[in-house]
Amino acid sequence: MTQTIAPRVRTLVLLFLAVTGALLAGAAPASAHAALTGSDPERGTVVDTAPAQISLTFSEQIAVSDDAVRVLDPQGKRVDKGDPVNPSGTTYAVRLLSGLPDGTYTVAYQVVSADSHPVAGAFTFSIGAPSETSVSVSAQGSDGGLVGLLYGFGRYVSYTGFVVMVGGAAFVLACWGRGSGVRPVQRLVVSGWLALTVSTLGLLLLRGSYTTSGKAGDVFDLSLLGDVLQTKTGAALVSRLLLLAAAALFIAVLFGAHARPSSAPTADDGAARPRNDSEEAEEKRDLNFGLAIGGTVVAAGLAASWAMSEHASQGLQPGIAMPVDVVHLLAVAAWLGGLTALLVALFRAPAETPVGRDTVQRFSRLAFGSVIALVVTGIYQSWRQLGSWSAFTDTRYGQLLLVKIGLVAVLVGVASLSRRWTARLAEVPTEEPAEEAGTGAPGTRTSDAGESDARESDAGESGSGKASVSAGRTAEATEAQDASDRQDAQGAQAGSEAGGTAGAGSVRAAQLARQRTAVETARQKRLRDADPHRSGLRRSVLAEAGIAAVLLAVTTVLTQTEPGRTEQEARAAGASSSSSASAPTGQGTGAVTLNMPFDTGGGKSGQGVVTIDLEPARVGDNVMHVYVEGTDGRPVDIPEVKVAFTLSAQDIGPLPVTPDRITTGHWSASGVQLPLAGDWKVEVTVRTSDVDQVTVSKNAQIG
């Protein structure tokens, strides 16, 4: 009873930790993935005179190139001069040409955050009064397009290669020593090494274009490659390649000396000296120990090449976060990579080296420990990257993390089914005696098979039906073997008589021996495949591997996504700066900003926030800016937006205003006449499609 309950309790504990543990998040300071938190002039503002420079403030340190910050006039011509400078902290500035005329200017930036991810964006400000502009704010960043897709695919392949190589080797060393001589397992581990090596070389070539122009033609630009080698990410990729050379040596020993039987030592006279089993076992233990230590060091170094250049290397507690990230990656590799190796062994292992129940049980314990490590390290990483409960649903990072937690929970649930199949394998007696009987003389095999049939029929109680089926299959296989042997013997006799030479007879005997081995191997494989418990284990492990592939894809996307806490802090900083810039400085002398969420009923594309900026918000002429953002906080274009002002107390209005489109998500209108002071109702009609439309409103005090 205890053996049945304990695995269930462990499974429930893992499910509870996986689903709820990552929710234990609290407030945290700023960390990885840079975001724009402020600018001077601020977004959408109208300044009286042309500024001497543009300054941008980010949430963390960034790497800037010569063209990292560009300022464009209404015709799209550059008006900045010189390279960006870093006057203080995380603020970066670029000087402007003197004597700039009135109009709307676009500030576009493309930088690389300290955690290696490119960050791009743009905003507008106006001098004197807004004007039409030919510049598109929503220009595609360098991380989009073909280069971005290739870079993302390369990251997925590199993670997959690491998991397969490290996990497969760990499976052989910790769970299935005989697997080092199994060719399909060897191919799996070597394939992981090749995938990681090729993808790392590809990422090194793509990196320059990925963080700058985003053009496929720049992939082989040697100057860009030289610039990449000077960065932290470039150094990490080169270090990974060097460690892969050490990994190649490790794999050669694992599938070479480790797979071969121990050679007999020689005496001083050159003659072979017999050795006992204890010496061979001691030599094997020493080799296993050396491979385990060396493999762990190499695997940890490879994992550190990610940890030292991505999210974990920046923000809160990087000295703790990087080792935690290394442990997290190693646990993922041991679990998912070992699972892949087990799947290959179950389906492709030769009949003479089948995967036994002890191997599966050892891997089950290894996987259980890996899941515990994943849960603990995952809780810490979630706390660093989210920082609040609302980030789970309000940010893309949090939503992806919820998907990942769900996949982990499903994977743990399927793994519990595999544990049950493993337990059933342990309860079923092995058929090794029958297999051994198949290696003797035909008469001996028939006699043993008959005795086995008798024993199975006598022992049948509730399972007599299954025993009879198994005995029938064994008898059929034995009869087929006997018939084959008789035909072989007859063929051998005929060949011997026809050939008349001992040489021909020996060749024929060798052929017959190979045929017998092939027939016996096929028989053993049929018997092994007929085991319903082993078939059930295969199906459950195959399901685990499929879920693991999806989980790895989600993890790859997650590593390229701005952390939820940083995204929320950037929103808060932007709202704060906008509010402070538009707050009244006296009665009727300050600007008014109104934020109005809308939902036209057209799904997610019909939801967002419309913002009205009114300057100077007093009687007479006013300048109005309208901004439309989607649920992700990015500017979006809609077919139509209209504004109306109503002063109900004086029975004035509605006064319609149709603003002009400036750029993506930005409309403006000048000369907005408000004849009287009072509490005006501002109505905004938003149309997101031919049929989806809604009107939202707020009141604003006009002085």
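Not measured: the values here are computed from a predicted model. (Residues numbered from 1 in each chain as written. Predicted model: local features only at pLDDT ≥ 70, side-chain atom pairs only at ≥ 80, totals over all residues. Heavy atoms only, no water.)

Caption draft 1: Region of interest: the packing of helix α2 (residues 145-174) against helix α5 (residues 232-254). α5 packs onto α2 with a crossing angle of 30° between their chain directions and a minimal axis gap of 12 Å. If you check the angle between α2 and α5, you find them roughly parallel. Regarding α2 and α5, the two cross each other, and that crossing is left-handed. Counted together, Ser 158, Met 165, Ala 169, Val 172 and Leu 173 of α2 and Arg 240, Leu 244, Ala 247, Phe 250, Ile 251 and Leu 254 of α5 form the full contact between these two elements. Class assignment for the residues of the contact of α2 with α5 results in nine nonpolar, one polar and one charged. (Axes fitted to C-alpha atoms, helices over the stretch in contact; angles between N-to-C directions. Helix = DSSP H or I, 4+ residues; strand = E, 2+ residues; numbered from the N terminus. Parallel < 35°, antiparallel > 145°, perpendicular 65-115°, else oblique. Left-handed = near helix turned anticlockwise from the far one by under 90°. Contact = heavy atoms within 4.5 Å. Nonpolar A, V, L, I, M, F, W, Y, C, P; charged D, E, K, R; others polar.)

Caption draft 2: Region of interest: the pattern of salt bridges. Applying the stated criterion to the full structure yields seven salt bridges. Glu 629 is the salt-bridge partner of Arg 43, the closest N and O atoms lying 3.0 Å from each other. Here Arg 43, found in the loop between β1 (36-40) and β2 (46-47), pairs with Glu 629, found in strand β12 (residues 620-629); they are 586 residues apart in sequence, far enough to count as distant. By sharing partners, the salt bridges in this structure join Glu 640, Arg 687 and Asp 690 into a single network. (Salt bridge = Lys/Arg side-chain N within 4 Å of Asp/Glu carboxyl O.)

Caption draft 3: Layout of the pairing of strand β6 (residues 80-88). By the bridge criterion, four bridges tie β6 to strand β7 (residues 91-96) in an arrangement that is antiparallel. In the sheet register, Lys 81 faces β7, and the bridge partner there is Arg 95. (Pairing = 2+ DSSP bridges.)

Caption draft 4: Structural context of the confidence of the model for the protein. When the pLDDT values of the protein are averaged, the result is 75; 73% of them are 70 or greater. Ignoring residues within four places in sequence, the model shows residues 577-590, a span with pLDDT below 50, making 20 contacts including any to other chains. (pLDDT = per-residue confidence, 0-100.)

Caption draft 5: Representation of the sheet that holds strand β13 (residues 640-647) in the model. The strand order β14-β13-β17-β18 describes an open sheet built from four strands, whose pairing is antiparallel. Across the chains shown, the open sheet's two edge strands, defined by having one partner strand only, are β14 (652-657) and β18 (693-702). For this sheet, the mean inter-axis angle between neighbouring strands, taken without regard to orientation, is 20°. The pairing of strand β17 (residues 678-687) with β18 spans ten bridges and is classified as antiparallel. Residue pairing across strands places Val 686 opposite Val 694, the latter belonging to β18.

Caption draft 6: Region of the structure containing the nonpolar core. Counting 65 residues, the largest nonpolar core has Phe 162, Met 165, Trp 176, Trp 335, Leu 336 and Leu 342 as its most contacted members. Of all the elements in the fold, those that place two or more residues in this core are α2, α3 (183-211), α5, α6 (277-307), α7 (318-348), α8 (357-385), α10 (396-427) and α15 (532-559). In terms of residue count, the dominant contributor to this core is α7 (14 residues). Leaving out residues up to four positions away in the same chain, Trp 335 has contacts with Phe 363, Ala 367, Ser 370, Val 371, Leu 374, Leu 411, Val 412 and Glu 544. (Core = buried A, V, L, I, M, F, W, Y, C linked by side-chain atoms within 4.5 Å. Buried < 20%, exposed > 50% of the residue type's maximum accessible area, 1.4 Å probe, protein only.)

Caption draft 7: Spotlight on the environment of Ala 35. Here Ala 35 is to be found in the loop between α1 (2-20) and β1. The exposure class of Ala 35 is buried, given its relative accessible area of 7%. Separated by 22 residues in the primary sequence, Ala 35 and Thr 57 place their C-alpha atoms 8.6 Å from one another.

Caption draft 8: Just α5, in detail. The terminal C-alpha atoms of α5, which comprises 23 residues, lie 32 Å apart, in line with the 33 Å expected from a rise of 1.5 Å per residue. By the burial criterion, the buried members of α5 are Thr 233, Gly 234, Ala 236, Leu 237, Arg 240, Leu 244, Ala 247, Phe 250, Ile 251 and Leu 254. (Expected span 1.5 Å × (residues − 1).)

Caption draft 9: Looking closely at the sheet that holds β7. Strand order in this open sheet of four strands is β1-β3-β7-β6, and the pairing throughout is antiparallel. In this open sheet, the two strands that pair with only one neighbour each are β1 and β6. Across the sheet, the axes of successive neighbouring strands diverge by a mean angle of 20°, strand direction being ignored.

Caption draft 10: Seen up close, unusual backbone geometry. The residue after Asp 40, namely Pro 41, is reached through a cis peptide bond having omega 0°. The residue Pro 41 is located in the loop between β1 and β2 in this model. In this structure, the amide linkage connecting Glu 615 to the following residue, Pro 616, adopts the cis form with an omega of 5°. Its location among the elements puts Pro 616 in the loop between β11 (607-615) and β12. In this structure, Ala 617 is a non-glycine residue whose phi angle is positive, near 60°. Mapped onto the elements, Ala 617 comes out in the loop between β11 and β12. At Asp 651, a residue that is not glycine, the phi angle is positive and equals roughly 55°. For Asp 651, the position within the fold is in the loop between β13 and β14.

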